Amino acid sequence: WKSKDVPKSTYQLPKAPVVNKVALVNRANAVQSVLAVGYPLELKKNSEDVIKAQVLNTILGGAFTSRINKNLRETHGYTYGANSSIVSDQVIGSFSVNTSVRNVVTDSALTEIMSELKKIRSEKIPDEELQSIKNYMTGGFARSLESPQTVANFAINIARYGLPQDFYKNYLKNLNAITSDDLLATAKKYIKPNNVYVLVVGNGEEVAKNISKFSVSGRVDYFDIYGEKYDPNVKKVPEGVTVDQVLN
């Protein structure tokens, strides 16, 4: 093999939108809407906020008993399940809420999701709720240590992401030291209900009008299954076009 110059490409990091935007992938026969609400997030794996973000997300939507799942599943009966995630990464992380709901409650489910995002960054988490989540996460961490693979992954993470050598040794101590004030500050920093992308995959005729209110401009951007943007009013086939004409 002959050596050659390896091209190097640079990319701008994705950022959260300045204002909320709504995107729709139209599936004409869909009886449910698949919802994703989220945005890119700058949260490195060696950040001192990582454990706080984990606790915050577990309360918000990271467990079956989380607020979002209780709201959408138990209180309103919109879905079988809903969850959120905060992903840390050395380049760019992300925040997202995901669920699937009936067409008729698509906008109602989005309303409840946005309400939970606003609530967790404006109200302190009650001590009882916080302690319950700490217990849940403590138990999960302890159980994970039963697997040699987990211990190996801990060692890899320390080396790969520059974590403190005692990160996992002190994990439970640091977890239990987190307060409601810590989580409120973390929520204000990382939960952005006014800077989200709302993605809906569903029946456009039934949901497009009602989801437009979640966009500041009142506009819904249409995308095809390949992620290409299009205008649904331009793509319609003219009346009277026959199979033979298309073939010709």
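Located above this text is the structure these notes cover.
Let me sum up the structure you'll find in this document. Keep in mind it's a predicted model, so treat the numbers as computed, not measured.

## Topic: helix H8 (residues 204-211)
Gly204, Val207, Ala208 and Ile211 are the residues of H8 that are buried. One side of H8 carries all its buried residues, which in axial view fall inside an arc of 115°. Looking at H8, the residues exposed on the side facing more than 90 degrees away from the buried face are Glu205 and Lys209. The opening residue of H8 is Asn203, an N-cap whose side-chain oxygen sits 3.1 Å from the backbone nitrogen of Glu205.

## Brief notes about the nonpolar core
Counting residues in each nonpolar core, the largest one holds 56 residues, and the members touching the most others are Val55, Phe95 and Ile191. Sequence-distant contacts of Val55, defined by excluding residues within four places in its chain, comprise Leu130, Ile133, Met137, Leu175, Ile178 and Leu183.

## Focus on the packing of aromatic side chains
In this structure the tally under the stated criterion is seven aromatic pairs. Among the aromatic residues, ring-to-ring pairing joins Phe141, Phe154, Phe167, Tyr168 and Tyr171 into one connected group. For the cation-ring pair, Lys45 lies above Tyr161, with the distance from its terminal atom to the ring centre recorded as 5.3 Å.

## With respect to the environment of Leu43
The topology assignment puts Leu43 in the loop between strand S2 (32-41) and helix H1 (50-60). Note on Leu43: relative accessible area 3%, which makes it buried. On a C-alpha basis, the gap between Leu43 and Pro193 in space is 17 Å, while along the polypeptide they are 150 residues apart. The contact partners of Leu43, leaving out residues within four places of it in the chain, are Asp49, Val50, Ala53, Ile86, Ser88, Asp89 and Tyr190.

## Let's talk about the packing of helix H2 (residues 67-75) against helix H3 (residues 106-120)
Following both chains from N to C, one finds H2 and H3 inclined at 150°, their axes separated by 10 Å at the closest point. What the angle tells us is that H2 and H3 run roughly antiparallel. For the element pair H2 and H3, the recorded crossing hand is right-handed. Contact residues: H2 offers Arg67, Ile68, Asn71 and Leu72, while H3 offers Ala109, Glu112, Ile113, Glu116, Lys119 and Ile120. Class assignment of the residues belonging to the contact of H2 with H3 gives a composition of five nonpolar, one polar and four charged.

## Regarding a nonpolar patch on the surface
A cluster of nonpolar side chains, Val18, Val19 and Val216, forms an exposed patch at the surface whose accessible area comes to about 300 Å². The exposure class of Val216 is exposed, given its relative accessible area of 61%.

## Observations regarding the side chain of Asn57
Summarising the element assignment, Asn57 is placed in helix H1. For Asn57, a relative accessible area of 9% translates into the label buried. Ignoring anything within four residues of it in the chain, the contact list for Asn57 reads Gly62, Ser84, Ser85, Ile86 and Phe95.

## Structural notes on the packing of H1 against H3
Between H1 and H3, the least distance of the axes is 11 Å, while the angle of their chain directions is 140°. The orientation of H1 relative to H3 falls into the category oblique. Here H1 runs over H3; the crossing is right-handed. Contacts from Leu56, Ile59 and Leu60 of H1 reach H3 at Glu116, Leu117 and Ile120. Taken together, the residues that form the contact of H1 with H3 break down as five nonpolar, no polar and one charged.

## Re the pattern of salt bridges
Enumeration over the complete set of coordinates arrives at seven salt bridges. A salt bridge links Lys124 to Asp181, with the shortest nitrogen-to-oxygen separation between them at 3.0 Å. Taken together, the residues Lys124 in the loop between H3 and helix H4 (127-144) and Asp181 in helix H7 (residues 180-190) connect sequence positions 57 residues apart. For Asp181, a relative accessible area of 47% gives the class partly exposed.

## Description of H7
The complete set of buried residues in H7 reads Ser180, Leu183, Leu184, Thr186, Ala187 and Tyr190. Down the axis of H7, the sector holding all buried residues measures 165°, keeping them to one side. Each element contacted by the buried residues of H7 is listed here: S2, H1, H3 and H4.

## Thoughts on the side chain of Asn69
By the secondary structure assignment, Asn69 is in helix H2. Accessibility expressed as a relative area gives 2% for Asn69, which makes it buried. Once residues lying within four places of it in the same chain are set aside, the contact partners of Asn69 are Ala63, Phe64, Glu74, Tyr80, Gly81 and Ala82.

Calculation criteria
- Residues numbered from 1 in each chain as written.
- Predicted model: local features only at pLDDT ≥ 70, side-chain atom pairs only at ≥ 80, totals over all residues.
- Heavy atoms only, no water.
- Buried < 20%, exposed > 50% of the residue type's maximum accessible area, 1.4 Å probe, protein only.
- Helix = DSSP H or I, 4+ residues; strand = E, 2+ residues; numbered from the N terminus.
- Arc of directions from axis to C-beta.
- Polar contact = N/O pair within 3.5 Å; in protein donor to acceptor, adjacent residues only side chain to side chain.
- Core = buried A, V, L, I, M, F, W, Y, C linked by side-chain atoms within 4.5 Å.
- Contact = heavy atoms within 4.5 Å.
- Phe/Tyr/Trp six-rings, centres within 6.5 Å; stacked < 30°, edge-to-face > 60°.
- Lys NZ or Arg CZ within 6 Å of the ring centre and 35° of its normal.
- Axes fitted to C-alpha atoms, helices over the stretch in contact; angles between N-to-C directions.
- Parallel < 35°, antiparallel > 145°, perpendicular 65-115°, else oblique.
- Left-handed = near helix turned anticlockwise from the far one by under 90°.
- Nonpolar A, V, L, I, M, F, W, Y, C, P; charged D, E, K, R; others polar.
- Patch = residues over 30% accessible without salt bridge, like charges linked within 9 Å, V, L, I, M, F, W, Y side chains within 5 Å.
- Areas by Shrake-Rupley, 256 points an atom, 1.4 Å probe, with all protein chains shown as cover.
- Salt bridge = Lys/Arg side-chain N within 4 Å of Asp/Glu carboxyl O.

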